[in-house]
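Listed here are the chains, written in short residue letters.
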Amino acid sequence: MKTAILLLLSAFAAAARQPKIENAKLETRAFAGSLATLFTQLGTGPWWAGWSEPMIPGQRGDMCWSEGNRGDARAAGTPIRLEGPTTLVILVRFENGAASRVRTATPDCLIDAGGLAFHWITGVPAAESISWLKTQVTATGHDQSIYAIALHAGPEGTRALEEFTAPTQPDKVRGRTAFWLGNSRGAGGLRVLERMLSSDPSRKVREQVIFAVSQIPNGEGVPQLIDLAKNSSDLAVKKKAMFWLGQSKDRRAVEFFAEVLKP
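Parameters at a glance
Residues numbered from 1 in each chain as written. Predicted model: local features only at pLDDT ≥ 70, side-chain atom pairs only at ≥ 80, totals over all residues. Heavy atoms only, no water. Core = buried A, V, L, I, M, F, W, Y, C linked by side-chain atoms within 4.5 Å. Buried < 20%, exposed > 50% of the residue type's maximum accessible area, 1.4 Å probe, protein only. Helix = DSSP H or I, 4+ residues; strand = E, 2+ residues; numbered from the N terminus. Contact = heavy atoms within 4.5 Å. Pairing = 2+ DSSP bridges. Axes fitted to C-alpha atoms, helices over the stretch in contact; angles between N-to-C directions. Parallel < 35°, antiparallel > 145°, perpendicular 65-115°, else oblique. Left-handed = near helix turned anticlockwise from the far one by under 90°. Nonpolar A, V, L, I, M, F, W, Y, C, P; charged D, E, K, R; others polar. Disulfide = S-S within 2.5 Å. Polar contact = N/O pair within 3.5 Å; in protein donor to acceptor, adjacent residues only side chain to side chain.

What follows concerns the nonpolar core. Counting 58 residues, the largest nonpolar core has Phe39, Trp51, Ile121, Trp132 and Leu193 as its most contacted members. Sorting elements by how many residues they give to this core places helix α4 (residues 143-151) first, with 6 residues. When near neighbours in sequence (up to four residues on either side) are disregarded, Leu193 contacts Ala178, Leu181, Gly182, Val209, Ala212, Val213 and Ile216. In terms of nonpolar packing, the next biggest core, distinct from the first, is built from 11 residues, Ile21, Leu91, Cys109 and Ala113 among them.

This is the structure in structure tokens:
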């Protein structure tokens, strides 16, 4: 019980971490109600808002690139985390009463707000963060919003992504969601991708799903790719599966091709 409490407190502490913010009219406020209501109260913009949430484990590359170029936006003296960050920072720009940009970062990043007002919001529940980001995917198809959802720790992120794989969603949204399911959600993501392979109405999306399966960390998608290469009745799907198996350099893929090429 004590260990669980300590882990919970650690998660709350991580979620409260604020990056270094400069060149901004900074205001910190506690979350209350809903993000949608809070953003309406802040006016039409332009302004930035940001908050943090616990992040899925693993390396995600350096998330501190500055806007519009590849210059480093990492705060001086911060460590390079070999095991990856544990806290996600969501940054949103509002203009004319609507979110015009969604970005992700980590607390190690140095944030330059360009002289605009910046509202740092503390205590945003993960479910509320995901719920608001879902509205942005629905309204605009923001790829960054899908990515931000995928980086949230906990099962809520997987459930939200699964919603965007429904056949009623646009092909582009389903395809991008598949990519992030493969990259971020492990076994839970693989189960959703397997369902998409058997039921998605678009061949193009199914081909994107195959690529997503190939991106699942630690080669967890290789058995599914081998099964598709052996048993799929769709020749295009079979070819895609074999292509990504060849790219994997996985021992099981090598053994599969050796069996296929036996005289």
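So, on to the pairing of strand β7 (residues 117-122). Where strand β2 (residues 25-30) and β7 come together, 6 bridges link them in parallel fashion. Looking at β7, one finds that Glu27 is bridged to His119. Relative to β7, strand β3 (residues 47-54) is paired through 4 bridges, and the arrangement is parallel. Note that in β7 the partner of Trp48 across the bridge is Phe118.

Contact geometry of helix α3 (residues 126-140) with α4 gives a least axis separation of 8 Å together with a crossing angle of 155°. Between α3 and α4, the angle falls in the class roughly antiparallel. Here α3 runs over α4; the crossing is left-handed. Listed contacts from α4 to Ile130, Leu133, Lys134, Gln136 and Val137 of α3 are Ser145, Ile146, Ala148 and Ile149. Classifying every residue of the contact of α3 with α4 by side-chain character gives 6 nonpolar, 2 polar and 1 charged.

Residue pairs three or four apart in sequence face the same way in an α-helix, which turns once every 3.6 residues. For α4, the tally of buried residues reaches 7 of 9 residues, placing the bulk of the element in the interior. Buried residues of α4: Ser145, Ile146, Tyr147, Ala148, Ile149, Ala150 and Leu151, and no others. Looking at the buried side of α4, the elements it contacts are β3, β4 (87-95), β5 (98-105), α3, α5 (155-163) and α6 (171-184).

Judged by pairing direction, the sheet is mixed, and its 5 strands sit side by side in the order β2-β7-β3-β4-β5 without closing on themselves. Among the strands making up the open sheet, the edge pair consists of β2 and β5. Averaged over all adjacent pairs, the angle separating strand axes in this sheet is 25°, with direction ignored. Across 8 bridges, β3 lies against β4 in antiparallel orientation. Residue pairing for β4: Ser52 is matched across the bridge by Val89.

Following the sequence through the fold, Ile130 ends up in helix α3. Expressed as a C-alpha distance, the spacing of Ile130 and Leu161, which sit 31 residues apart in the sequence, is 9.8 Å. Those residues within four positions of Ile130 in sequence are excluded, and the remaining contacts are Ile149, His152, Glu156, Gly157 and Ala160.

What the rule picks out here adds up to 1 disulfide. In this model Cys64 forms its disulfide with Cys109; the gap between the sulfur atoms is 2.1 Å. In this structure the cystine formed by Cys64 and Cys109 twists about its S-S bond by roughly -85°; its chirality is therefore left-handed. Placement of Cys64 in the loop between β3 and β4 and of Cys109 in the loop between β5 and β6 (110-112) is noted, with a sequence separation of 45 residues between them. The burial state of Cys64 is the same as that of Cys109; both residues are buried.

Another point: the side chain of Ser184. Within the secondary structure, Ser184 is located in helix α6. In this structure the side chain of Ser184 is engaged in a polar contact, spanning 2.5 Å, whose partner is the backbone oxygen of Trp180.

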